[in-house]
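Each chain is listed here by its residues.
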Amino acid sequence: MSLFDHNLTLLDSLDSALAERLRSDIEDESVVITNTSEGVPTLGIRRGNSLFLLHHPEEPLADTRRFLSTIPDAQSGWNFVVFGLGLAYVPLCLLESRVCPPNLLLLVEPSLSVFRATCQAVDLRPILECAACRLLVGLPASATYETLCSRLIQIQANQSVVIKYSPTEILYPDWMKEQQEAFAEAWRFGETSLLTKQQSGPQFISNLIENLPSFVRSRGVHRGKGILRGVPAVIVAAGPSLRKNMDRLPDLRKHSLLIAVDTVLDRLLDADIPPHLAITLDPSPLNFRHFRKNSYPGVRLAFDPESYPVTEQFGSETLTFVTDHAPFFDWLDSVLGPKGKIPKGLMVSHLGFHLAAYWGCDPIILVAQDLALDPDTGQTHDSEAAFLQRVSLSEQEVFWVSGLNGESVPTLKKLLIYLRTLERDILRTSSRVIDATEGGARIAGTEILSADGALARIHDMSFDFESFWSWLGIGLLSAEETNLDFVRHEMARRVSSLAESIRLTAEITQDRLDSLAATLFHDPVTEYLVGHLSAATLFDFFRWGPANADMEQKGRELHRRYTALSNAIRQTRAQLFSCPDTNA
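Residues numbered from 1 in each chain as written. Predicted model: local features only at pLDDT ≥ 70, side-chain atom pairs only at ≥ 80, totals over all residues. Heavy atoms only, no water.

Asker: Would you explain the overall build of the chain in this entry?
Answerer: The helix and strand inventory of the chain stands at 23 helices and 20 strands. Across its three principal axes, the chain shows a C-alpha extent of roughly 80 × 65 × 50 Å. Going through the 584 residues of the chain one by one, you find that 55% of them count as buried. Put simply, of all contacts in the chain between residues at least 6 apart along the chain, 69% involve residues at least 24 apart. If you sum the accessible surface of the chain, you get close to 24,700 Å²; carbon and sulfur atoms cover 51% of it. (Helix = DSSP H or I, 4+ residues; strand = E, 2+ residues; numbered from the N terminus. Buried < 20%, exposed > 50% of the residue type's maximum accessible area, 1.4 Å probe, protein only. Contact = heavy atoms within 4.5 Å. Areas by Shrake-Rupley, 256 points an atom, 1.4 Å probe, with all protein chains shown as cover.)

Dropping the structure here:
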């Protein structure tokens, strides 16, 4: 068996799709392999009449080891992201010098041809047999972002080392810039997510428990999955540009499913533009500010079960779902559903987009989805929205991004995260997406039209919402107390069982810690509850200390991590039993 075939056999287990791509004839660079005095190859890329070497011409291994010796955290770090591989000498030399394997070894390479040559010339067993290894070759920066987001807690709790391979950066400067931006965005998203859990986690749980009766009584989205193919949907957000096309919404409503975010519901009703569906997501009590009326007869509300409870104002005309926020919701849907599952997204209009896509709507038309500040006033929202703020454009946290018409527009860190996440989800949907915002940030993957242009596109279409609403079915006339009681008691029982396991622990060992962690994180109920009620305390559990710690340090770290996990579980139990309906 050739070295190439041997590497690909190992790669099949790690990333079969990448292995298959390497077996193809696809080439993206002209690669040259030459021998060196060290007895290992070096690699160059030929462009025109020039040959660009990615390694030292005679001592590639020695040069790589010298380079790694300049990286302060090469031994103590747990997570490594390597942008640019060449012949993979950087990760190979990194692994050979480690006291223990890393938690994450993310290797990102722009050229499929370079990596194919690497598999042909270098024994990659140490990399391909490393459980921490993830390979991204010839993929967009969004793949880097998603891979990082899948394990953000572990990455941000421990030392993370980013290694930019300079020769690759010289040859692929734009690629390297995009990769660095993907890492920075993932890091910002991780910080925001952790902060949200720390600040709002208990509110999420309180909302969920209070919403359970409404969850049972409400219609679910599941019967409508894919049934609205070819039906346009208009998602009305609350951006500053809403004023530009408010007058077009009545006509758009005649030919589409009109979904409005909670922030603009009262504004639309006051203008006699009742949406077919309002949608709410915000867990904060501030969410109440959106709903200024005592009741909303005839208005249908779709609510996330973690959102602040407002369903009483809408009577029985409510719709619900579970989200991909945590595996817990799959469990909840199996017990109290089925309601149907859609991605949560990061903002209420994002959730509306996912709902329209779940039902198969096409095209999906975005209105007032600025995701940027008004460049003249610094406004975050429409002037009549409940959450309106004005931001000084001289503040440090203002970012400038491409606008709808090519100009630069100001935005905030949170809005930038929302923008990038929406762009990635648009790429995944089969529906056409039209941006009829007429202002704000440029949303990649959308077709830009005015509101009049979007209306012209759909003016021959019609949609009977009442028939669709009836098709979705009706919720139960009264909450099924038997199932509700089971959910409430099961949540309390599982956390109490973990707390009792800790109380009975006689000796702190790594095996005992691993057993408790497995019980916690493999159970969707306890993972969700502890992760939200004790986020800050649990975060300390994910900190492993330096990777090159001696035995005495490891002992101290083991005791500290066990204490952090114990405190998180006990704290969760105490908070859960203080919630209504769980202390019976």
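Asker: What's the story with helix α7 (residues 141–149) in this structure? I'm lost.
Answerer: An α-helical turn contains 3.6 residues, so a residue and the one three or four places further along point in the same direction. All of the buried residues along α7 are Ala141, Ala143, Thr144, Tyr145, Thr147 and Leu148. The inward-facing, buried residues of α7 abut β4 (79–83), β5 (104–109), β6 (133–137), α8 (152–157), α10 (173–217) and α16 (413–428).

Asker: Can you help me understand the packing of helix α15 (residues 348–358) against α16 in this one?
Answerer: Between two packed helices, the angle of one axis relative to the other and the distance separating the axes together describe the packing. Following both chains from N to C, one finds α15 and α16 inclined at 5°, their axes separated by 11 Å at the closest point. By the angle between their directions, the pair α15 and α16 is classed as roughly parallel. In contact with His350, Phe353 and His354 of α15, α16 contributes Thr421, Leu422, Asp425 and Ile426. (Axes fitted to C-alpha atoms, helices over the stretch in contact; angles between N-to-C directions. Parallel < 35°, antiparallel > 145°, perpendicular 65-115°, else oblique.)

Asker: Is there a simple way to explain helix α14 (residues 328–336) in this structure?
Answerer: With respect to burial, α14 is a largely interior element, 7 of its 9 residues being buried. Among all positions of α14, only Phe328, Phe329, Trp331, Leu332, Asp333, Val335 and Leu336 are buried.

Asker: Is there a simple way to explain the sheet that holds β6 in this structure?
Answerer: Either a parallel or an antiparallel arrangement is found when strands of a sheet pair, and the pairing is made through backbone hydrogen bonds. Taken in spatial order, the 4 strands of this open sheet run β6-β5-β4-β7, and their pairing is parallel. With one partner strand each, in any of the chains shown, β6 and β7 (160–164) form the two edges of the open sheet. On average, each strand axis in the sheet is inclined to that of its neighbour by 10°, with strand direction left out of account. Each of β4, β5 and β6 is contacted by α7, which is oriented at about 175° to β5, the strand it contacts most. (Pairing = 2+ DSSP bridges.)

Asker: I would appreciate a short explanation of the sheet that holds strand β19 (residues 433–435) in the present structure.
Answerer: On the basis of which strands lie adjacent, the open sheet formed by 9 strands has the order β8-β13-β12-β11-β10-β9-β16-β19-β20 and parallel pairing. This sheet does not close on itself; its edge strands, each paired only once, are β8 (219–220) and β20 (447–448).

Asker: Help me understand the pattern of salt bridges, please; the structure alone is not making it clear to me.
Answerer: For side chains bearing opposite charge, pairing can occur when the charged atoms are close. The full count for this structure, using the stated rule, is 36 salt bridges. Arg23 is the salt-bridge partner of Glu20, the closest N and O atoms lying 3.8 Å from each other. Note that Glu20 and Arg23 are positioned in helix α2 (residues 16–23) at a spacing of 3 residues, about one turn of the helix. The residue Glu447 makes a salt bridge to Arg457 at a minimum N-O spacing of 2.6 Å. With Glu447 in strand β20 and Arg457 in helix α17 (residues 451–458), this residue pair connects regions lying 10 residues apart in the sequence. With relative accessibility at 35%, the residue Arg457 sits in the partly exposed group. In this structure, a network of salt bridges that share partners links the residues Glu185, Arg420, Glu423 and Arg424. (Salt bridge = Lys/Arg side-chain N within 4 Å of Asp/Glu carboxyl O.)

Asker: I tried to follow the packing of aromatic side chains on my own but got confused; where do I start?
Answerer: The geometry of an aromatic ring pair is captured by two quantities: the separation of the ring centres and the angle between the planes. Under the counting rule described, the total for this entry stands at 20 aromatic pairs. Where Tyr145 meets Phe189, the ring centres are 6.4 Å apart and the plane angle is 45°; that geometry is what we call tilted. Of this pair, Tyr145 sits in helix α7 while Phe189 sits in helix α10, and the two are 44 residues apart along the sequence. Each member of the pair Tyr145 and Phe189 is classed as buried. Every member of this aromatic cluster is reached through a ring pair, and the members are Phe328, Phe329, Trp331, Phe486 and Tyr528. Sitting over the ring of Tyr172, Arg47 keeps its end group 5.1 Å from the ring centre. Here Arg223 stacks its cationic end above the ring of Trp471, 3.9 Å away from the centre of that ring. (Phe/Tyr/Trp six-rings, centres within 6.5 Å; stacked < 30°, edge-to-face > 60°. Lys NZ or Arg CZ within 6 Å of the ring centre and 35° of its normal.)

Asker: How do you make sense of the side chain of Thr263 when you look at a structure like this?
Answerer: Counting through the fold element by element, Thr263 comes out in the loop between β10 (257–261) and α13 (265–270). A distance of 3.2 Å separates the side chain of Thr263 from the side chain of Asp262, its partner in a polar contact. (Polar contact = N/O pair within 3.5 Å; in protein donor to acceptor, adjacent residues only side chain to side chain.)

Asker: Please explain the environment of Asp63 as it appears in this structure.
Answerer: For Asp63, the position within the fold is in helix α3 (residues 60–69). Here the alpha-carbon distance between Asp63 and Val90, two residues 27 residues apart in the chain, equals 9.8 Å.

Asker: What's the story with the packing of helix α20 (residues 510–521) against helix α21 (residues 524–533) in this structure? I'm lost.
Answerer: The interhelical angle for the contact between α20 and α21, taken along N-to-C directions, is 95°, at an axis separation of 6 Å. By the angle between their directions, the pair α20 and α21 is classed as roughly perpendicular. Across the interface between the two elements, Thr519, Leu520 and Phe521 of α20 pack against Thr526, Glu527 and Val530 of α21. When its residues are assigned to classes, the contact of α20 with α21 shows 3 nonpolar, 2 polar and 1 charged. (Nonpolar A, V, L, I, M, F, W, Y, C, P; charged D, E, K, R; others polar.)

Asker: When you look at the nonpolar core in this model, what are you seeing that I'm missing?
Answerer: Among soluble globular proteins, nonpolar side chains are generally buried collectively. Residues Leu22, Phe115, Leu124, Ile127 and Leu135 are the most contacted members of the largest nonpolar core, which totals 66 residues. Discounting residues that sit within four places of it in the chain, Leu135 has contacts with Leu11, Leu14, Asp15, Leu18, Leu85, Leu107, Phe115 and Leu128. (Core = buried A, V, L, I, M, F, W, Y, C linked by side-chain atoms within 4.5 Å.)

Asker: Mind showing me how you'd approach the pairing of strand β11 (residues 277–280) here?
Answerer: Along any regular strand the residues' side chains alternate between the sheet's two faces. Of the two faces of β11, the one carrying Leu277 and Ile279 and the one carrying Ala278 and Thr280 are both buried. You can see the chain leave β10, run along α13 and come back into β11, and the turn it takes is right-handed. The sheet contact formed by β11 and strand β12 (residues 301–303) spans 3 bridges and is parallel. Bridge assignment links Thr280 to a residue of β12, and that residue is Phe303. (Right-handed = clockwise from strand over helix to strand, strands pointing away.)

Asker: Would you take a moment to explain the state of the cysteines for this structure?
Answerer: The term disulfide refers to a covalent linkage connecting the sulfur atoms of a pair of cysteines. Summed over the entire model, instances satisfying the criterion amount to 0 disulfides. Take Cys119: it sits in no disulfide, and the sulfur closest to it among the cysteines is that of Cys133, at 11 Å. Classification of Cys119 by relative accessible area gives buried; the value is 1%. No disulfide involves Cys149; its sulfur sits 19 Å from the nearest other cysteine sulfur, which is in Cys133. Assessed through its relative accessible area of 22%, Cys149 is described here as partly exposed. (Disulfide = S-S within 2.5 Å.)

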